[in-house]
Amino acid sequence: MNIKIHRASQHLVKTERLAEIHAACFPKGWQALEFQLLLASAGSFCLVAEEEGHIVGFILLRLTIDECEILTFAVDPTHQRRKIGSVLLASAVEEIEERGGAKIFLEVSDKNEAAIALYTKAGFSRLSVRKAYYAGDGNADAIVMSLELVSE
Ligand SMILES: CC(C)(COP(=O)(O)OP(=O)(O)OC[C@H]1O[C@@H](n2cnc3c(N)ncnc32)[C@H](O)[C@@H]1OP(=O)(O)O)[C@@H](O)C(=O)NCCC(=O)NCCS
């Protein structure tokens, strides 16, 4: 695997490619403009995974003081199950720690076994359930998961 993880610059990242991957992964895709607006908002940052110069996955986060939220996270379906998601998540956790983050939150559909398995392997635990949260996904419940970062 020759995957490189980069911090996506707000002005240079190809948001059309992020939107393309997102649309391939979720029932309700986000437009490139939505990614541009999110990237421009306070505290947001994005890491992209590139293989031979081509974006194959990304994770978009927002850090507010010491709490970080994973806004979205996706790996191109043709590149999944190659540990790209694990490497992106580990790189994001590292960057959040460097920036003084103490806790990471996320919401995941209770039907999304792949993501729940990945987050659990990375040390996240279940915090609560939001009933019928995903209208576009058969009213699936959202599981809220969190990871406490231990400062040394
Ligand atoms: C979730 C996602 C980002 C994982 O990316 P990935 O690069 O395929 O994941 P990895 O290869 O790093 O997998 C790490 C572990 O997660 C679990 N996992 C990943 N995909 C899985 C699947 N399809 N089924 C079951 N477990 C899975 C496994 O435990 C895996 O370890 P293993 O391969 O040694 O068994 C990817 O499946 C994806 O983009 N899904 C659609 C979008 C999404 O659900 N995003 C998260 C929203 S909260």
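Bear in mind the structure is a predicted one, so any value in this text is a computation, not a measurement.

(A) View of the overall build of the protein chain. Along the protein chain, the regular secondary structure elements total four helices and seven strands. Listed by position from the N terminus, the elements making up the protein chain come as β-α-α-β-β-β-α-β-α-β-β. Whereas a compact globule of 152 residues would reach a radius of gyration of roughly 15 Å, the protein chain reaches 15 Å, a difference of no more than 12%. Dimensions of the protein chain along its principal axes, counting C-alpha atoms only, are 40 × 40 × 30 Å. Put simply, of all contacts in the protein chain between residues at least 6 apart along the chain, 56% involve residues at least 24 apart.

(B) Focus on the site of the ligand. Q80, G85, S86, A114 and L118 are the nearest of the 20 residues found near the ligand. Among the secondary structure elements, those contributing two or more residues to the shell around the ligand are β4 (67-75), α3 (84-98), β5 (103-109) and α4 (113-121). Among the elements that line the shell around the ligand, the one with the most residues is α4, at six residues. In the shell around the ligand, the residues fall into 11 nonpolar, four polar and five charged.

(C) Local environment of the environment of L33. Counting through the fold element by element, L33 comes out in helix α2 (residues 32-40). Here the alpha-carbon distance between L33 and M1, two residues 32 residues apart in the chain, equals 31 Å.

(D) Inspection of the sheet that holds strand β6 (residues 125-134) at higher detail. As summarised here, the arrangement of the seven strands in space is β1-β2-β3-β4-β5-β7-β6, forming an open sheet in which the pairing is mixed. The open sheet is flanked by β1 (3-7) and β6, the only strands paired with a single partner. The sheet shows a mean angle of 25° between the axes of neighbouring strands, direction not considered. Pairing analysis gives eight bridges linking strand β3 (residues 54-64) to β4, with the strands arranged antiparallel. Bridge pairing in β4 places L63 opposite C68. Along the sheet, α4 makes contact with β5 and β7 (140-148), crossing β5 at roughly 160°.

(E) Representation of helix α1 (residues 15-25) in the model. Inspection of α1 places T15, L18, I21 and H22 among the buried residues, and these make up the whole buried set. Projection of α1 onto a plane perpendicular to its axis shows the buried side chains occupying an angular sector of 120°, all on one side.

(F) Representation of the packing of α1 against α2 within the structure. One can describe the packing of α1 onto α2 by two numbers: an axis separation of 8 Å at closest approach and a directional angle of 115°. Between α1 and α2 lies a crossing of right-handed hand. Contacts between α1 and α2 involve T15, E16, L18 and A19 from the former and A32, F35 and Q36 from the latter. Grouping the constituent residues of the contact of α1 with α2 by class yields four nonpolar, two polar and one charged.

(G) Representation of unusual backbone geometry. Its identity as a non-glycine residue notwithstanding, K83 has a phi of 75°, on the positive side. Along the chain, K83 falls in the loop between β4 and α3. Take K83: there are 13 C-beta atoms within 10 Å of it, and that puts it in the partly exposed class. Although it is not a glycine, A132 sits at a positive phi angle of roughly 50°. Secondary-structure assignment places A132 in strand β6.

What counts and how
- Residues numbered from 1 in each chain as written.
- Predicted model: local features only at pLDDT ≥ 70, side-chain atom pairs only at ≥ 80, totals over all residues.
- Helix = DSSP H or I, 4+ residues; strand = E, 2+ residues; numbered from the N terminus.
- Rg over C-alpha atoms; globule rule 2.2 N^0.38 Å.
- Contact = placed C-beta atoms within 7 Å.
- Near = placed C-beta within 6 Å.
- Nonpolar A, V, L, I, M, F, W, Y, C, P; charged D, E, K, R; others polar.
- Pairing = 2+ DSSP bridges.
- Axes fitted to C-alpha atoms, helices over the stretch in contact; angles between N-to-C directions.
- Buried ≥ 20, exposed ≤ 12 C-beta atoms within 10 Å, placed from the backbone.
- Arc of directions from axis to C-beta.
- Left-handed = near helix turned anticlockwise from the far one by under 90°.

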